[in-house]
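# Working through the structure, step by step
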Amino acid sequence: AFEILENSLKEYPQNAQLYYYRALIFSAMNRNAAAIYDLEKSIEFDPGYYMAYYELGKTYEKINDERNALTAYERFLSIEPEEKELIDEIQKKVINLGKKYY
């Protein structure tokens, strides 16, 4: 899967979904810096791609960067995603993280 994404990114270097899916692989491999880079590229090419913000928040939490996780989660919510369960989960995270920084 990784090789397919690599080849696809060479052909479609501005495809937000390809960066997103490669980030998921990097995250599963605990290559968090690479995952963050790809998620930020995904967002750069599609600022409305709310799942990239969700994964970015999760990745920041993995490396204990709560402030950036909070920012990513707030951006996720600002896009008004349709997944009710994710909205509820992220609203709770924002409330808990927000207590530390607001």
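Keep in mind that what you see is a predicted model, and the values were worked out from it rather than measured. (Residues numbered from 1 in each chain as written. Predicted model: local features only at pLDDT ≥ 70, side-chain atom pairs only at ≥ 80, totals over all residues. Heavy atoms only, no water.)

## Digging into the pattern of salt bridges
- Per the counting criterion, the structure on display carries seven salt bridges.
- The salt bridge partner of Lys58 is Glu55, with a shortest N-O separation of 3.5 Å. You can see Lys58 and its partner Glu55 sitting in helix α4 (residues 50-62), three residues apart, about one turn around the helix.
- For Lys58, a relative accessible area of 32% gives the class partly exposed.
- Note that Lys93 is salt-bridged to Glu61, the shortest N-O span being 2.9 Å. In this pair, Lys93 sits in helix α6 (residues 84-101) while Glu61 sits in helix α4, placing the two residues 32 residues apart along the sequence.
- Judged by its relative accessible area of 23%, Lys93 is partly exposed.
- Within the structure, one salt-bridge network assembled from shared partners comprises Glu6, Arg22 and Asp38. (Salt bridge = Lys/Arg side-chain N within 4 Å of Asp/Glu carboxyl O. Helix = DSSP H or I, 4+ residues; strand = E, 2+ residues; numbered from the N terminus. Buried < 20%, exposed > 50% of the residue type's maximum accessible area, 1.4 Å probe, protein only.)

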